[in-house]
Amino acid sequence: MHEFWSTQPVPQGEKEAQEGPLEKKTVDDVPKSPYPIASVLEWWVPDVLESEDDLRQIYELLRDNYVEDDDSMFRFNYSHAFLKWALTPPGYVKEWHVAVRRKNDKSVVAFISGIPIDIAVKPSAGGDAEVRKMCEINFLCIHKRLREKKLAPILIKEVTRRVNVLDIWQAVYTAGIVLPTPFTSAQYFHRSLNPEKLVAIRFSRIPPQYEKFQNPMQMMKRNYAVPNAPAVRGFREMEAGDVPAVKSILNASLAKFSVAPTFTEEEVHHWLLPREGVVFSFVVADSNNVATDFVSFYSLPSTVIGNSKYNELNAAYTYYYSANTVPIKVLMGDVLSAAKAKGFDVVNTLDILDNKEFLQDLKFGPGDGNLHYYFYNWGYPIVQPKSVGLVML
Ligand SMILES: COC(=O)c1ccc(N2CCCCCC2)c(NS(=O)(=O)c2ccc(OC)cc2)c1
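Residues numbered from 1 in each chain as written. Predicted model: local features only at pLDDT ≥ 70, side-chain atom pairs only at ≥ 80, totals over all residues. Heavy atoms only, no water.

Caption draft 1: Fine view of the packing of helix α1 (residues 52-65) against helix α2 (residues 80-87). Two elements in contact, α1 and α2, have axes separated by 10 Å at closest approach and are oriented at 105°. By the angle class used here, α1 and α2 are roughly perpendicular. Across the interface between the two elements, Glu52, Leu55, Arg56, Tyr59 and Leu62 from α1 touch His80, Leu83 and Lys84 from α2. Among the residues making up the contact of α1 with α2, the classes are represented as four nonpolar, one polar and three charged. (Axes fitted to C-alpha atoms, helices over the stretch in contact; angles between N-to-C directions. Helix = DSSP H or I, 4+ residues; strand = E, 2+ residues; numbered from the N terminus. Parallel < 35°, antiparallel > 145°, perpendicular 65-115°, else oblique. Contact = heavy atoms within 4.5 Å. Nonpolar A, V, L, I, M, F, W, Y, C, P; charged D, E, K, R; others polar.)

Caption draft 2: Layout of the state of the cysteines. Inspection of the entire model under this criterion finds zero disulfides. Cys135 takes part in no disulfide bond, and the closest cysteine sulfur, belonging to Cys141, lies 17 Å away. (Disulfide = S-S within 2.5 Å.)

Caption draft 3: Structural view of the site of the ligand. Surveying the vicinity of the ligand reveals 15 residues, the closest of which are Phe74, Ser302, Asn348, Asp368 and Gly369. For the ligand, the protein covers 95% of the area, taking 560 Å² as the surface of the free molecule. Every element with two or more residues in the shell around the ligand is listed here: β2 (74-76), β7 (184-192) and β16 (365-376). Within the shell around the ligand, the residues separate by chemical class into five nonpolar, five polar and five charged. When residues are assigned to domains, the shell around the ligand turns out to be shared by domain 1 (5-178) and domain 2 (186-387), each giving three or more. (Near = heavy atom within 4 Å. Areas by Shrake-Rupley, 256 points an atom, 1.4 Å probe, with all protein chains shown as cover. Domains from an automatic or database assignment.)

Caption draft 4: Structural detail: the packing of aromatic side chains. Counted by the stated rule, this structure contains 28 aromatic pairs. A ring pair is formed by Tyr173 and Tyr374, whose centres lie 5.2 Å apart and whose planes are at 15°; its orientation type is stacked. With Tyr173 in strand β6 (residues 171-175) and Tyr374 in strand β16, this pair connects stretches of sequence that are 201 residues apart. For the pair Tyr173 and Tyr374, a shared accessibility class is recorded, and that class is buried. Among the aromatic side chains, those forming a connected cluster through ring pairs are Tyr66, Phe76, Tyr78, Phe82, Trp85, Phe139, Phe263, Trp271, Tyr298, Tyr317, Tyr319 and Tyr320. Directly above the ring of Trp43 sits Arg162, whose terminal nitrogen or CZ lies 5.8 Å from the centroid. (Phe/Tyr/Trp six-rings, centres within 6.5 Å; stacked < 30°, edge-to-face > 60°. Buried < 20%, exposed > 50% of the residue type's maximum accessible area, 1.4 Å probe, protein only. Lys NZ or Arg CZ within 6 Å of the ring centre and 35° of its normal.)

Caption draft 5: How the structure looks around the side chain of Arg161. Of note, Arg161 is situated in helix α3 (residues 151-164). With near-sequence residues (within four places) excluded, Arg161 lies in contact with Val30, Pro31, Lys32, Ser33, Pro34 and Tyr35.

What follows is the structure in C-alpha cells.
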C-alpha cells in the first residue's frame, strides 16, 4: 500500500510525528536535470500568461480529465481566465507549471502546478506562528487514457525537484481522496440558489419533506429565495483603494487560525480584487469609506456529466473574508444575494475558517465530498477544519 508515498517525506501514520521538517537537504543535493520520463513523452512548460494557445491546452486537459465527484455527476471546469489567475500570482515561477506532452503530436497528457505561498503555522503547543515560504501544489491531472501508469509520482518528483532547486522544502496541497496523512479533513456544504435546476440535474426527486405540499417546487423556490439587494449598509464591491485596509483586516483575521496564509499588498491585489467571471469581492465601508469588513467568492463551474437538459452547473465557492462589524452569517447572506443576482445556481463551501457559523442559518446542506489537507515535508498534528484558514482553489 502506498508504494510511492511510503518513499516520500510525509507523515507515515506513525503516532506523534515531530512538528516541522521531516528531512533536511540542501540545494546541492538536488539533481540539476529533469526527472527521467518515458521516451515517447517530454516535459513542457506552458506559457499561461503570454500564450492563449498554451493556456487553452491546459484548460482542455482539465476540462476533460480533472476532478469528478464520487458519482461522476460533475467535473470541475475551471475557466481560462480562472487558470491564468490561479497560476500567476506575484512571484510565481513559470517552471513550476509542469506539463507532459506526447513527443509525436505534442498533445498534453498531464499537468501539475506549484505557486509560492507564505504559510503561517502555529506550533500545536501554542505560541507565535512560524511563517514559512512554501509551494502550494494544485491541478494534478493525468489524462484519463494514461491512468495507472505511475505518471503521477513522476510529476510529483519533478515539481518537487524544481521547487527544491530554489531552496523551498515544504508544500501544501489538498485532495478529495485520503493519502498519507491529512492534517485536517474538511467537508463540502452547498446552498441551493436555483433549486429547479439542481433537482433536474440530480435526477433526484424533490426532498420528501416537500411532497406534502400542493406545489412542492414552488415551496422549494420559496425556501431558497434570497433578497435581491444586500442587507448590510455600506456593502459594495471591493476596489483598488481598499487593498491596504483589506490586507490589514484579512491578515488579522487569518492570524487566529493554526494554519493560514499571510498576504502582502501585491498578493491582496492579485487574489482579492474583483475579476470578471473569476473572483468577486466586497467590503463593508464605514462613513469615511474605509473597509471594516471583507468577503469574497470565486466562480468554479462544473460540467454536468451526461445530463441532456443541462451541461453546466454555475457554482460559486466561498473564498476569504474578515467579519468585524457584522456577523459572518450576515455578511455571507449578502454573498448569497450577490451570487444569485450574478446567475449562480449554488454556493459551495467547506467547514474550514468560521464557516460553521453560517451553514445552518443560511440553509447550507452537506455535500458528499471531503477535502483533505496535506503538508509535504512538514510534520504537523491533526487539527480540526475550523482551525484551518487556507482556501485552495
Ligand atoms: C468535482 O465535484 C464537482 O464538480 C461538484 C460540483 C457541485 C457539487 N454540488 C453542488 C450541486 C448540488 C449537489 C451536490 C453539491 C458537488 N458535490 S460536493 O459534495 O460539493 C463535492 C465537491 C468536490 C468533490 O471533489 C473534490 C466531491 C464532491 C461536486
